[in-house]
Amino acid sequence: MTDNDAVKVEIDSGIATVVINRPEARNALNRDAFLGLMQAAQSLKENPEVRVAILTGAGDRAFSAGIDLKMVASGGGASVFTGLRPGFDPLFSLKSIFTMYEDLAIPVIGAINGYCLGAAFELSLCLDMRLASDTAIFALPEIQFGVLPDLGSTQRLPRIVPPGYAKELILTGRRIDAAEALRIGLVDHVYPLDQVMPEAKKLAEEIAKLNPSVVQGAKRASNLWMTTPLDTRLRMETDICMASGSGAGFGEQAQQFLKKE
């Protein structure tokens, strides 16, 4: 698991809950948080018992307020990169941590409970599903600080919301609330604050009951469109279905379903 307190991981009945655990700082991402996220993703990758994961922030104020600005203002921003993936470009090393969640074989659900800003917004774009509280606030404020949002949002956000909306958020840095995020497709569901984690767990439990090899194959197939031409993706989808055992026993399942109708 993780070797610091900035990120906590709990596993129960095949469901891992990863918590960014700096509530006193609105779960802002400092060096320990990045290291914790990296270690958590690696532990999930290596644990075959985990079937689905939930990523959230501690407390009810924030999923995460993004990069720890107090750390940056004090001149400690460079410390974020220390020890992260030696040999890589420092910025790319941080992007690689986020990509670890996108690349996990298991589905990852975001339970976004409050502020989701900057780097945290970019992290959320790597998740398979995003559930938000009605108190959630989203923004990519980097451009207002004179920098590019550079942890993947310029590439991932236009895959999730219409490109015009994506550019509007990237180029203005403005904030949107949960209702607007739902309207443009940035999040999949919005719940009252006290219900977002129960609903995320309910969804995780539903997925965890299914055949894990088929679920993981379905996730892999669903992600093909991001990097591969359509004709190749369609062929690869077939290969993945065959390899994962998808369809085994489908006739019997169909018969049982029809009997219930």
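Scope of this entry: the structure provided in the associated data block. On a predicted model such as this, the values are computed, not experimentally measured, just so you know. (Residues numbered from 1 in each chain as written. Predicted model: local features only at pLDDT ≥ 70, side-chain atom pairs only at ≥ 80, totals over all residues. Heavy atoms only, no water.)

Look at helix H1 (residues 31-46): 23 Å from first C-alpha to last across 16 residues, which is about the 22 Å you get at 1.5 Å a residue. Those residues of H1 that are buried lie in contact with strand E1 (7-12), strand E2 (15-20), strand E3 (52-57), helix H3 (90-103) and helix H4 (119-124). (Helix = DSSP H or I, 4+ residues; strand = E, 2+ residues; numbered from the N terminus. Expected span 1.5 Å × (residues − 1). Contact = heavy atoms within 4.5 Å.)

Let us now look at the nonpolar core. By size, the foremost hydrophobic cluster in this structure holds 52 residues, and its most contacted members are Phe138, Leu157 and Leu186. For this core, the element with the most residues is H1, which contributes eight residues. If sequence neighbours within four positions are ignored, Leu186 has contacts with Phe121, Leu125, Arg130, Phe138, Leu157, Ile160, Val161, Ile176 and Ala181. Grouped together as the second largest cluster of nonpolar side chains are 13 residues, Ile15, Val52, Tyr191 and Ala200 included. (Core = buried A, V, L, I, M, F, W, Y, C linked by side-chain atoms within 4.5 Å. Buried < 20%, exposed > 50% of the residue type's maximum accessible area, 1.4 Å probe, protein only.)

Here we come to the sheet that holds strand E8 (residues 137-139). Strand order in this open sheet of four strands is E4-E6-E8-E9, and the pairing throughout is mixed. On the outer flanks of this sheet lie strand E4 (62-64) and strand E9 (176-177), each paired with one strand and no other. Relative to E9, E8 runs antiparallel, the two being bridged by two bridges. In the strand pairing of E9, Ile137 is matched with Asp177. (Pairing = 2+ DSSP bridges.)

Counting across every chain of the model gives eight salt bridges. The partner of Glu102 in a salt bridge is Arg156, with the nearest N and O atoms 2.9 Å apart. Here Arg156 lies in helix H5 (residues 153-160) and Glu102 lies in helix H3, a separation of 54 residues in the sequence. Arg156 matches Glu102 in its accessibility class, with the two residues each being buried. Arg159 is the salt-bridge partner of Glu102, the closest N and O atoms lying 2.8 Å from each other. Linking Glu102 in helix H3 with Arg159 in helix H5, this pair joins segments that are 57 residues apart in sequence. (Salt bridge = Lys/Arg side-chain N within 4 Å of Asp/Glu carboxyl O.)

Any functional reading would require information beyond the geometric quantities listed.
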